[in-house]
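Report on the structure
Chain by chain, the residues run as shown.
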Amino acid sequence: MVNGSAEGRLAALGLSLPPAPTPFGSYVEAVRVGDMVYFSGMLPAVGHDLPILGRLGAELTVEEGHKAAQMAVLSGLSAARAFLGSLDRVTRVAKLGVYIATAGDFREHPRVADGASDVMRAVFGEALLSGRVVLGVASLPLGVPVEVELLLEAAG
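Quick look at the structure, then. (Residues numbered from 1 in each chain as written. Predicted model: local features only at pLDDT ≥ 70, side-chain atom pairs only at ≥ 80, totals over all residues. Heavy atoms only, no water.)

1. With respect to the pattern of salt bridges
In the structure shown here, the tally under the stated rule is eight salt bridges. Across the pair Asp114 and Arg132 runs a salt bridge whose closest N-O atoms are separated by 2.9 Å. Note that Asp114 is positioned in helix H3 (residues 109-124) and Arg132 in strand S4 (residues 132-137), a separation of 18 residues in sequence. Between Glu126 and Arg121 there is a salt bridge, and its shortest N-O distance comes to 2.2 Å. With a relative accessible area of 53%, Glu126 lands in the exposed category. Under the relative-accessibility criterion, Arg121 is labelled partly exposed at 36%. Within this structure, Glu63, Glu108 and Arg111 form a network of salt bridges that share partners. (Salt bridge = Lys/Arg side-chain N within 4 Å of Asp/Glu carboxyl O. Helix = DSSP H or I, 4+ residues; strand = E, 2+ residues; numbered from the N terminus. Buried < 20%, exposed > 50% of the residue type's maximum accessible area, 1.4 Å probe, protein only.)

This is the structure:
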């Protein structure tokens, strides 16, 4: 990987991962199929604490949404580390999906989603990144403003 390992970049950025998430319901956090690891939707949670609730363009600002996207993707990276043993086993980010709970006339989806994309770029570098999908939705589980979907390719 260019410019060091994912774990090294994470440390150099001064980013600390929250504890690995645990399910809020009847599901597992990750499933591996061959080289692909599918992660359940990641919420902006620390344990089962949800510090940011609401919809963008209604109760929350773009900046609050950006922070929620960062928190959600850090939870995803924590789940990846717990499942894989190290983020250095990631060989490609195959998909990044960012789902944003919004008021009907909200238009700043890309700026909110950049909270997640910027963390992934900083940790994995341009070479491992995928495209992304960003969707505005009427609501998300437990009232959170953002949910992040990760699909990662990982070494054995």
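So, next bit.
2. Topic: the sheet that holds strand S3 (residues 90-101)
Reading across from one edge, S1-S2-S5-S3-S4 is the order of the five strands in this open sheet, with mixed pairing throughout. Two strands in the sheet have a free side with no partner beyond their single neighbour: strand S1 (30-33) and S4. Sheet twist, expressed as the average angle between the axes of neighbouring strands with direction ignored, equals 15°. The pairing of S1 with strand S2 (residues 36-39) spans four bridges and is antiparallel. (Pairing = 2+ DSSP bridges. Axes fitted to C-alpha atoms, helices over the stretch in contact; angles between N-to-C directions.)

3. Here we look at the packing of aromatic side chains
Overall, the coordinates contain one aromatic pair when judged by the stated rule. Residues Phe39 and Phe83 carry aromatic rings whose centres are separated by 6.3 Å and whose planes lie at 75° to one another, so their mutual orientation is edge-to-face. Of this pair, Phe39 sits in strand S2 while Phe83 sits in helix H2 (residues 62-84), and the two are 44 residues apart along the sequence. (Phe/Tyr/Trp six-rings, centres within 6.5 Å; stacked < 30°, edge-to-face > 60°.)

4. Quick word on the packing of helix H1 (residues 6-13) against H3
Axis separation between H1 and H3 bottoms out at 7 Å; the angle between their running directions is 120°. Considering the angle they form, H1 stands oblique to H3. The residues of H3 that touch H1, namely those facing Ala6, Arg9, Leu10 and Leu13, are Arg121, Ala122, Val123 and Phe124. Looking at the contact of H1 with H3 residue by residue, the classes come out as six nonpolar, no polar and two charged. (Parallel < 35°, antiparallel > 145°, perpendicular 65-115°, else oblique. Contact = heavy atoms within 4.5 Å. Nonpolar A, V, L, I, M, F, W, Y, C, P; charged D, E, K, R; others polar.)

What is shown is where atoms sit, not what they do.
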